[in-house]
Amino acid sequence: MEHEGFTWVSLIPFLKNLPPHVSNGIFVSVIVLIAALIGYVQLKKAGDDIVPAGKLTFRNFAELIVETLSNLVTTNMGPRGKEFTLLVGTLALFILFNNISALVPGFMPATSNVNTTFACSLTVFVMTHYYGVREHGIKYLKQFMGPLVWLAPIMIPIEVIGHLARPVSLGLRLFGNMFGDHMVTAMAIGFVPFIFPLTAWVLGCLVALVQTFVFMLLSMAYFAGAISHEEH
Amino acid sequence: MKRFLTVLMLLGIFLAVMYGIACAAGEAPAAGLDSSVKQMAALAAGLGLGIAAAGGGIGQGRGLAAALEGIARNPGASGKVLTPMLIGLAMIESLVIYSLVISFILIGKL
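Residues numbered from 1 in each chain as written. Chains lettered and ligands numbered in written order. Predicted model: local features only at pLDDT ≥ 70, side-chain atom pairs only at ≥ 80, totals over all residues.

**What about the overall build of chain A?**
Okay, so step 1: Broken down by element type, chain A carries 6 helices and 0 strands.
Okay, so step 2: Taking the principal axes of its C-alpha atoms as reference, chain A extends roughly 65 × 50 × 35 Å.
Okay, so step 3: By residue count, 26% of the 232 residues in chain A fall in the buried class.
Okay, so step 4: Considering only contacts within chain A whose residues lie at least 6 apart along the sequence, 63% involve residues at least 24 apart. (Helix = DSSP H or I, 4+ residues; strand = E, 2+ residues; numbered from the N terminus. Buried ≥ 20, exposed ≤ 12 C-beta atoms within 10 Å, placed from the backbone. Contact = placed C-beta atoms within 7 Å.)

**Looking at the overall build of chain B**
Okay, so step 1: Each helix and strand counted, chain B has 3 helices and 0 strands in total.
Okay, so step 2: Starting at the N terminus, the α and β elements of chain B follow one another as α-α-α.
Okay, so step 3: Within chain B, the proportion of its 110 residues that are buried is 7%.
Okay, so step 4: Of all intrachain contacts in chain B linking residues separated by at least 6 positions in sequence, the fraction that spans at least 24 positions is 82%.

**Thoughts on the interface of chain A and chain B**
Okay, so step 1: Across the contact, 15 residues belong to chain A and 14 residues belong to chain B.
Okay, so step 2: Secondary structure elements with two or more residues in the side of chain A that touches chain B: α5 (152–191) and α6 (197–226) of chain A.
Okay, so step 3: Broken down by element, the residue count for the side of chain A that touches chain B peaks at 6 residues, all from α5(A).
Okay, so step 4: Residues that form the side of chain A that touches chain B fall into these classes: 8 nonpolar, 6 polar and 1 charged. (Nonpolar A, V, L, I, M, F, W, Y, C, P; charged D, E, K, R; others polar.)

**A closer look at the confidence of the model for chain B**
Residue and element names in this part refer to chain B.
Okay, so step 1: Per-residue pLDDT for chain B averages 85, and the proportion of residues at 70 or more is 89%.
Okay, so step 2: Per-residue pLDDT, averaged within each element of chain B, yields its smallest value for helix α1 (residues 2–25) (75) and its largest for helix α2 (residues 35–73) (93).
Okay, so step 3: Scoring of the predicted complex yields 0.80 for pTM and 0.72 for ipTM. (pLDDT = per-residue confidence, 0-100.)

**Some words on helix α3 (residues 85–100) of chain A**
Residue and element names in this part refer to chain A.
Okay, so step 1: End to end, α3 covers 22 Å across 16 residues, agreeing with the expected 22 Å (1.5 Å per residue, within 8%).
Okay, so step 2: The set of residues buried in α3 consists of Val88, Ala92, Ile95, Leu96, Phe97, Asn98 and Asn99.
Okay, so step 3: The elements touched by buried residues of α3 are α1 (20–46), α2 (58–77), α4 (114–136), α5 and α6. (Expected span 1.5 Å × (residues − 1).)

**Section: the packing of α5(A) against helix α3 (residues 78–108) of chain B**
Okay, so step 1: At a minimum axis separation of 9 Å, α5(A) and α3(B) run at an interaxial angle of 70°. On the basis of their axis angle, the class for α5(A) and α3(B) is roughly perpendicular. Contact residues: Ser169(A), Leu172(A), Arg173(A), Gly176(A), Asn177(A) and Gly180(A) in α5(A); Ser94(B), Ile97(B), Tyr98(B), Leu100(B) and Val101(B) in α3(B).
Okay, so step 2: For the contact of α5(A) with α3(B), the residue count by class is 5 nonpolar, 5 polar and 1 charged. (Axes fitted to C-alpha atoms, helices over the stretch in contact; angles between N-to-C directions. Parallel < 35°, antiparallel > 145°, perpendicular 65-115°, else oblique.)

**Notes on the nonpolar core**
All names here are of chain A.
Okay, so step 1: Of all hydrophobic cores here, the largest spans 34 residues; its most connected members are Val88, Ile95, Leu174, Phe215, Met216, Leu218 and Met220.
Okay, so step 2: Element by element, the count of residues in this core is highest for α6, at 9 residues.
Okay, so step 3: If near-sequence neighbours (up to four positions away) are discounted, Val88 is found in contact with Val73, Met216, Ser219 and Met220. (Core = buried A, V, L, I, M, F, W, Y, C linked by C-beta atoms within 7 Å.)

Here you go:
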């Protein structure tokens, strides 16, 4: 399953010895960091401007992205969503930029390797339990016992298996989509190199966006489930 | 506290990078399988994905048909119908993707 090819990142001397998905992931993260820094500097320079600029400047673009992410989080999680904007937004930007870098020839996307996607999904898994314990204390374990007390011996294994299936499904979904898409694009280029790969690239654009969106939505659903209070 | 967490995070990154370099340096060779096992593995890789794609296609087709009917009845709600439809399609597609991953693993063992 090793997809060894030429990557632009293998030209950088420091990152050549790392596995290809790690070096590409670092490269894309550095790009996102630089974009974030430029946005931050421009926001500080602008001060308290309420009226946005007329043209599409970098500041407008950055504000568009941040506002979209913030709206998504608060729409799905209610008024307490602001605490989770940082984690969910960071994950979404990381996954989005890595997915899109798959479309550029010469990059191997970090999310097309199991390690990266499982790192993201394990982060979400650990943070759901952290938020749950921070919110409810030790009574967080009561969620595993189900609605009625005498159902607990049946409910606990079911709930534990369900909880363990979450990071596996999150990571596998993202990995499978990205890896399969990369393979299909490579095969399409090898098969009929002229116009036919365009369909593979259009599919790649769509899949990149949709998979990021689905990952974000599921993470928010898990967070909301962890901090939810029982209402009768 | 913040400093401790920063030092811990940098240490973790350093260890991970060292582990990555060590892993990339030494790769273990894999042993080959029996010929009859390879035949069944090839058959399983192809047929399994075919069955998964059939089930996924039926499921997504039904979901898409319901969404399109909803949009046809009420064209103004197309934005609100489109978002859950995309989520549902991605959920159903993920089951097909699980089968695809198993097929990749089997092809790797051929």
